Amino acid sequence: MKLNRTTQRTVEILKLVSKNPEGITLDEICEKLKLPKTSAYDIVTTLAEMGMVNVDRGARQRYTIGLTAYRIGVNYTNNLDFISIIEPELRSFAKQLGKTVFFGVRSDHEVVYICKSEPENPIITTATVGSKNPIYCTSLGKAILAYTDEETTKQVAGRIRFHKKTDNTITDKESLTAELDKVRRQGYALDARELEDHMECVGAPVFGADGNVLGAISASSLYKPTEDYERLGQQVAEKAMELSKLLGYLKQGT
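Quick notes on the rules
- Residues numbered from 1 in each chain as written.
- Predicted model: local features only at pLDDT ≥ 70, side-chain atom pairs only at ≥ 80, totals over all residues.
- Heavy atoms only, no water.
- Helix = DSSP H or I, 4+ residues; strand = E, 2+ residues; numbered from the N terminus.
- Expected span 1.5 Å × (residues − 1).
- Buried < 20%, exposed > 50% of the residue type's maximum accessible area, 1.4 Å probe, protein only.
- Arc of directions from axis to C-beta.
- Contact = heavy atoms within 4.5 Å.
- Pairing = 2+ DSSP bridges.
- Disulfide = S-S within 2.5 Å.
- Phe/Tyr/Trp six-rings, centres within 6.5 Å; stacked < 30°, edge-to-face > 60°.

Let us look at unusual backbone geometry. Despite not being glycine, Lys-34 shows a phi value in the positive range, around 55°. Looking at the element boundaries, Lys-34 is found in the loop between helix H2 (26–33) and helix H3 (37–49).

Encoded structure:
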């Protein structure tokens, strides 16, 4: 089947713009995608008119993803039925653990909290549904990033601006890389009081039917030196795999 060249270029441009939340210039688009400037200009101008990209008209025009593209993405997400599967599982898991449980997904170099379930007497957490936190200092973010494909992980890590939230926060790419290796070995992630000094969270990846990481779940509570976080990590990892299988994921070798 012969593919339309202009359509291919349009999709490639949208993908590139979406990976650059700080914006990207026309020259950068042409350089990265090896496109003629006139062709790229015609495409981004049309995309801007249709609301698929925004134009920041500074000294050099920069393009960011537009509201129309975002709405299309939201509609796609709304059409997925995985939330109706995840939510009741999270409710029972929160009750079982006696901890607040989250499900989150990656949004570039941040994590967005999609679902939240609390036990009967919850510890107050600052994260709410729809809020975002950095990917590098949350158990959700580290669990997702550890199981994201290598190329995307490198691109995301390259865009992170590390900020020290607590004395325990990871503050450089090398430390994050080592931490992600550790997450893969043990199957779960700890935030080790990196976001809030009094909170400790444990997260594990959730996979979709296509085998790619869909998001992650986490259990959050006040930090306790006596808590068996290794055991909690195993429980969260087991629940994450249960959710993955409910969503159609078939682990290799099973």
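Still to come is the rest of the account.
For H3, built from 13 residues, the straight-helix expectation of 18 Å at 1.5 Å per residue is met to within 8% by its first-to-last C-alpha distance of 18 Å. Listed as buried for H3 are Ala-40, Ile-43, Val-44 and Leu-47. The buried side chains of H3 occupy one side of the element, clustering within an arc of 90° when seen end-on. For H3, the exposed residues set more than 90 degrees away from the buried face come down to Thr-38 and Glu-49. Tucked into the core, H3 has its buried residues touching helix H1 (5–18), H2, strand E2 (53–56) and strand E3 (62–65).

With that settled, consider the pairing of strand E9 (residues 213–222). Across the 10 residues that make up E9, a large majority, 8, are buried. In this sheet, E9 lies alongside strand E4 (residues 100–107) in antiparallel orientation, the contact comprising 5 bridges. In the strand pairing of E9, Val-101 is matched with Ala-219. By the bridge criterion, 9 bridges tie strand E8 (residues 199–207) to E9 in an arrangement that is antiparallel. Note that in E9 the partner of Phe-207 across the bridge is Val-213. A loop of 5 residues connects E8 with E9, the two strands running antiparallel in sequence, and Gly-211 in this loop sits at a positive phi of about 90°.

This paragraph deals with the state of the cysteines. Taken as a whole, this structure holds 0 disulfides when the rule is applied. No disulfide involves Cys-201; its sulfur sits 10 Å from that of Cys-137, the nearest cysteine. You can call Cys-201 buried: its relative accessible area is 13%.

Attention now moves to the side chain of Lys-239. Topologically, Lys-239 is positioned in helix H9 (residues 229–246). Residue classification places Lys-239 among the buried residues on the basis of a relative accessible area of 8%. Discounting chain neighbours no more than four positions away, the residues touching Lys-239 are Glu-89, Phe-93 and Ile-217.

Between the first and last C-alpha of H9 there are 25 Å, a value that for 18 residues agrees with the 26 Å anticipated at 1.5 Å per step. Every buried residue of H9 is listed here: Tyr-229, Leu-232, Gly-233, Val-236, Lys-239, Ala-240, Met-241, Leu-243 and Ser-244. Looking at the buried residues of H9, the elements they touch are helix H5 (82–97), strand E7 (189–190), E8 and E9. Following H9 by one or two positions, Gly-248 has its phi on the positive side, about 100°.

Across all of its chains, the model carries 5 aromatic pairs by this definition. Ring geometry for Phe-102 against Tyr-113: centres 5.0 Å apart, planes inclined by 65°, an arrangement best described as edge-to-face. Placement of the pair is Phe-102 in strand E4 and Tyr-113 in strand E5 (residues 110–117), with a sequence separation of 11 residues. Both residues of the pair, Phe-102 and Tyr-113, count as buried. Consider the rings of Tyr-147 and Phe-207, whose centres lie 5.7 Å apart with planes at 90°: the pair is edge-to-face. Taken as a pair, Tyr-147 in the loop between helix H6 (139–146) and helix H7 (150–159) and Phe-207 in strand E8 lie far apart in primary sequence, 60 residues in all. When its relative accessible area of 27% is taken as the criterion, Tyr-147 is described as partly exposed. Taken together, Tyr-147, Phe-207 and Tyr-249 form an aromatic cluster joined through their ring pairs.

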